[in-house]
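Letter by letter, the chains look like this.
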Amino acid sequence: MRRLLSSDYSDKVIVTTIQKLGLALDPKNNYKERLKSLSDSRIVFIFDECHRSQFGENHKAIKEFFPKAQLFGFTGTPIFEENSNYTIREGEEASYKTTESIFEKQFPAYTITHAIEDKNVLRFHIDYFKGKGDINPKPGEPIAQQAVVDAIIEKHDAATNQRKFNAILATASINNAIEYYRLFKETQKKKTEFDPTYIPLNIACVFSPPAQVLAKEGDAKNAEDIKQLQEDLLQEKEDNKVNPEEKKKALIEIIDDYNKQFGTSHNINEFDGYYQNVQARIKEQKYSNRDYPHKNKIDIAIVVDMLLTGFDSKFLNTLYVDKNLRYHGLIQAFSRTNRVLNDSKPYGNILDFRSQQEQVNQAITLFSGEKSADKAFKIWMVDPAPVVIEEYKKAVEALGYFMQENNLVNEPQEVYNLKGDSAKIAFVKNFKEVQRLKTQLDQYTDLDQKQKEVIETILPTDKLLSFRSSYIETAKQFKARQDKEGNDAPADIQQLDFEFVLFASAVIDYDYIINLVADNLQMKPSKQKMSKDEIIRLLSATANMMEEQEDLSDYINSLDWKIGQDADKLRNGYQIFKNEKNDAALAAIAKANGLETAALKTFVANIMSRLIFDGEKTNRFVRTFRTKLEGAQCKRTSTND
């Protein structure tokens, strides 16, 4: 209000919500009278997501109060007659309200099809899950919730690239959301009791509380905020009219669990704080587990209407669907998954538990902007698994031909025998394509057992990991030259993009490797899950472990594999090992340069603690000791004389 009435130019661009603007123009409030002086002003309103905010009383109030305003609406999913739920009646005639009828003129359309072609958003992979029985459900018909939970737990790691990404589960009602939340809780508890190595998925659940109950309890402000919020949450608004006390009780239980899990202190009377924290925590998936432990993250958020439109996170890649979706609601929900990141996220992943293939076809046809539906599907959808498997096979064969052309056997260790930069650069490009296709296949959730066996036959996992190790070692050498030589490096080396994200893992980190070593120490070879050599190969094939690779490999090799140690003891041992190794390296440098080891160690520790390298101080430090050394040598010479 203050900024609207201000004459300061810095207040002339205002970002707000449609709910707040609606409150300002509500006759029940006194704001409207205070804004009267602006009524005839030339004001521009720009609405994002205008498919959902401009069909009610707010739009009418804005046009009536600001008759000279210009209105611009942006959406990727306009309301056409086919998907409109809003009608206009003029006498005996009734017609549908559409985005065009509200905003009148259309800019040249930039559709989702254009955005996919321009690589501004990703394509989709859809797995129509029908259950494991012989009876296929009808389109739109739900299957047993337990079957859905079991399928999600089974497929989640593959769908999300081993939990590098996270997911939303869209449910049909608040009651369904509550049931799913409790079912995940119970199922994962049983699974953990049966398999202590299972790492439970972190489940959150969010839906709007019943505003009428909050109002009765005297929490008028929170109730009014919830009412405004529910203008866009039609299913939740209707659901909360039935047994509201039960829904309130369930939401309190969910928020209490959330507080225990994440160390927060939210409550239903400050619902917006809880809702904002859920959104922030979903987005915090972008941090590695080393920088931000997995226990702080959300793997799956169970929702009804919330987060299915307007919410963006590049690290959300999967949508589980157990609700009937149509037209703009379907495309909006699917589009939560297709924000571009890098090649570790090749597409948006959809697991549909309602057999909604026809609804998907209708929605793509309506919003693609293409006359040919077949052309739209080819642009919007990733290739089916058999096509990608064939591409993967050809890429592996191309790698084999490349090795033969260089007179080498097609084995990972032979990569180190490649001669010259050109051959090594060609290997980097060849194997990067192999890994890109493998990453894509790894996230297909609809592969059957036969297809998995074919993929394994094309390039067995052991051989793939060894090639990855050879790739990372070769790439590290070129990366060092890029960093050292800069613009002086040959052009083909400067232009190399190693895409280490394709070779990184959200699962394989320092703690994972240490626990793996602890599990296999003192085990007979027949009982070991992985041998020492296999663990080192896994470590060397993972790009996010490059900085630790050499030290950890040396440490693992130094261990006596006949003596058991727990993970904590191994961690302490590794720190001692690294300190001793660093001390030995510093002692060698000191000896080679005529410096005192203790002084050099103190000097280096100071640099590392501040993370600032001061070249002038370093030169002064070296000169001081050389002066002392020369003085000592002169003294010895005079004494000898």
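Everything quoted here is computed from the prediction, not taken from an experiment. (Residues numbered from 1 in each chain as written. Predicted model: local features only at pLDDT ≥ 70, side-chain atom pairs only at ≥ 80, totals over all residues. Heavy atoms only, no water.)

> Would you mind showing me how to read the overall build of the chain here?
Each helix and strand counted, the chain has 28 helices and 10 strands in total. Each principal axis of the C-alpha distribution contributes one length, and for the chain these read about 120 × 65 × 55 Å. Evaluated residue by residue, the chain yields a buried proportion of 45% over its 641 residues. By sequence separation, contacts in the chain at least 24 residues apart represent 73% of the contacts at least 6 residues apart. Of the roughly 35000 Å² of accessible surface on the chain, 50% is carried by carbon and sulfur atoms. The average position of the 90 basic charges and that of the 97 acidic charges among the side chains of the chain differ by 3 Å. (Helix = DSSP H or I, 4+ residues; strand = E, 2+ residues; numbered from the N terminus. Buried < 20%, exposed > 50% of the residue type's maximum accessible area, 1.4 Å probe, protein only. Contact = heavy atoms within 4.5 Å. Areas by Shrake-Rupley, 256 points an atom, 1.4 Å probe, with all protein chains shown as cover. Lys, Arg positive; Asp, Glu negative; His and termini not counted. Charge placed at Lys NZ, Arg CZ, Asp CG, Glu CD.)

> Help me out: how do you make sense of the packing of helix 18 (residues 385-405) against helix 20 (residues 449-458) in this one?
Helices that pack against each other are described as a pair by the angle of their axes relative to one another and the distance between those axes. Look at helix 18 against helix 20: their axes get within 10 Å of each other, and the N-to-C directions meet at 10°. Considering their axes alone, helix 18 and helix 20 lie roughly parallel with respect to each other. Facing helix 18, whose interface residues are Ala-385, Pro-386, Ile-389, Tyr-392, Lys-393 and Val-396, helix 20 presents Gln-451, Val-454, Ile-455 and Ile-458. (Axes fitted to C-alpha atoms, helices over the stretch in contact; angles between N-to-C directions. Parallel < 35°, antiparallel > 145°, perpendicular 65-115°, else oblique.)

> How do you make sense of the pairing of strand 9 (residues 316-322) when you look at a structure like this?
Counting buried positions along strand 9 yields 7 of 7 residues, so the element is predominantly enclosed. Pairing between strand 6 (residues 166-171) and strand 9: 6 bridges, direction parallel. By the bridge assignment for strand 9, Leu-169 is matched with Tyr-320. Of the pairings in the sheet, the one linking strand 9 to strand 10 (residues 348-352) comprises 4 bridges and is parallel in character. What sits directly across from Thr-318, in strand 10, is Asn-349. For the handedness criterion, the β-α-β arrangement of strand 9, helix 15 (residues 327-334) and strand 10 is classed as right-handed. (Pairing = 2+ DSSP bridges. Right-handed = clockwise from strand over helix to strand, strands pointing away.)

> Explain the pairing of strand 10 to me, please; I cannot follow it from the model alone.
Side-chain direction in a regular strand flips from residue to residue, so the side chains alternate between the two faces of the sheet. Counting buried residues in strand 10 gives 5 out of 5 residues, a clear majority hidden from the surface. Note: strand 5 (residues 124-128) against strand 10, 5 bridges, orientation parallel. Counterpart to Ile-126 in the pairing with strand 10 is Ile-350.

> Is there a simple way to think about the nonpolar core in this case?
What tends to happen in soluble globular proteins is that the nonpolar side chains get buried as a cluster. One finds Phe-184, Leu-307 and Phe-334 to be the most contacted residues of the largest nonpolar core, which totals 82 residues. Sorting elements by how many residues they give to this core places helix 9 (residues 174-194) first, with 7 residues. Aside from chain neighbours lying at most four places away, what touches Leu-307 is Ile-168, Val-206, Tyr-275, Gln-279, Ile-282, Ala-301 and Arg-336. If you look at the next biggest cluster of nonpolar residues, it comprises 41 residues, including Met-403, Leu-464, Ala-475 and Phe-500. (Core = buried A, V, L, I, M, F, W, Y, C linked by side-chain atoms within 4.5 Å.)

> For this particular structure, what's the right way to read the environment of Arg-537?
With respect to the helices, strands and loops of the structure, Arg-537 is situated in helix 24 (residues 532-540). Classification of Arg-537 by relative accessible area gives partly exposed; the value is 22%. Considering only alpha carbons, one finds Arg-537 and Gln-549, 12 residues apart in sequence, at a separation of 10.0 Å. Excluding its chain neighbours within four sequence positions, the residues that come into contact with Arg-537 are Asp-462, Leu-465 and Ser-466. Within polar-contact distance, the side chain of Arg-537 engages the side chain of Ser-466 at 3.4 Å. (Polar contact = N/O pair within 3.5 Å; in protein donor to acceptor, adjacent residues only side chain to side chain.)

> For this particular structure, what's the right way to read the sheet that holds strand 7 (residues 203-205)?
Whenever strands of a sheet pair, they do so through backbone hydrogen bonds, lying parallel or antiparallel. In space, the 6 strands of this open sheet follow the order 5-10-9-6-8-7, with parallel pairing throughout. Each edge of the open sheet is held by one strand with a lone partner, namely strand 5 and strand 7. Mean inter-strand twist for the sheet, computed between neighbouring axes without regard to direction, equals 20°.

> What exactly am I supposed to notice about the confidence of the model for the chain here?
In the predicted model, the chain carries a mean pLDDT of 86, and 92% of its residues have values of at least 70. Note on residues 635-641: pLDDT under 50 across the span, and 0 contacts to partners over four residues away in sequence or across chains. (pLDDT = per-residue confidence, 0-100.)

> Is there a simple way to think about helix 14 (residues 271-283) in this case?
Over its 13 residues, helix 14 runs 19 Å from end to end, which matches the ideal 18 Å to within 8%, given 1.5 Å per residue. Taken together, the buried positions of helix 14 are occupied by Phe-271, Tyr-274, Tyr-275, Asn-277, Val-278, Gln-279, Arg-281 and Ile-282. Elements that come into contact with the buried residues of helix 14 comprise strand 6, strand 7, helix 11 (220-229), helix 13 (244-262), strand 8 (300-303) and strand 9. (Expected span 1.5 Å × (residues − 1).)

> Looking at this model, I keep getting lost on unusual backbone geometry. Mind explaining?
Peptide bonds are, in most cases, trans, and in most cases residues other than glycine have a negative phi. Backbone geometry places Tyr-327, a non-glycine residue, at a positive phi of 45°. In this structure Tyr-327 comes out as buried when scored by relative accessible area, which is 13%. A positive phi is found at Ser-355, a non-glycine position, where the angle reads about 50°. On the basis of relative accessibility, which here comes to 8%, the residue Ser-355 falls in the buried class.

> Honestly, the pattern of salt bridges in this entry has me stumped. Any pointers?
If charged atoms from side chains of opposite charge come close, those side chains can pair. Scanning all chains against the criterion turns up 26 salt bridges. One salt bridge in this structure joins Asp-157 and Arg-163, with 2.8 Å as the shortest N-O distance. In this structure Asp-157 comes out as partly exposed when scored by relative accessible area, which is 26%. Between Asp-568 and Arg-571 there is a salt bridge, and its shortest N-O distance comes to 3.1 Å. A residue pair is termed a helical-turn pair when its members lie 3 or 4 positions apart in one helix, as Asp-568 and Arg-571 do in helix 26 (residues 567-593) at 3 residues. Assessed through its relative accessible area of 54%, Asp-568 is described here as exposed. (Salt bridge = Lys/Arg side-chain N within 4 Å of Asp/Glu carboxyl O.)

> Could you clarify how one ought to interpret the environment of Asp-566 in this entry?
Mapped onto the fold, Asp-566 is located in the loop between helix 25 (546-558) and helix 26. For the pair Asp-566 and Pro-108, spaced 458 residues apart in sequence, the C-alpha separation works out to 64 Å. Polar contacts involving the side chain of Asp-566 include one to the main-chain amide nitrogen of Lys-569, which spans 2.8 Å.

> Could you clarify how one ought to interpret the environment of Lys-185 in this entry?
Among the structural elements, Lys-185 can be located in helix 9. C-alpha of Lys-185 to C-alpha of Ile-203: the two residues are 18 residues apart in sequence and 8.1 Å apart in space. Not counting the four nearest positions on each side in its chain, Lys-185 is found in contact with Glu-253 and Asp-257. Of note is the side chain of Lys-185, whose polar atom sits 2.6 Å from the side chain of Asp-257.

> Which parts of the structure should I look at to understand the packing of aromatic side chains?
Working definition: an aromatic ring pair is given by the centre-to-centre distance plus the angle between the planes. As enumerated under the stated definition, the model contains 24 aromatic pairs in all. Between Tyr-510 and Tyr-574 the ring centres are 5.7 Å apart and the planes differ by 35°, which places this aromatic pair in the tilted class. In this pair, Tyr-510 is assigned in helix 23 (residues 510-520) and Tyr-574 in helix 26, connecting sequence segments 64 residues apart. Taken individually, Tyr-510 and Tyr-574 each receive the classification buried, so the pair is uniform in this respect. For the ring pair Tyr-555 and Phe-577, a centre distance of 5.5 Å and an interplane angle of 55° mean the geometry is tilted. With Tyr-555 in helix 25 and Phe-577 in helix 26, this pair connects stretches of sequence that are 22 residues apart. No difference in accessibility class separates Tyr-555 from Phe-577, as the two residues are buried. (Phe/Tyr/Trp six-rings, centres within 6.5 Å; stacked < 30°, edge-to-face > 60°.)

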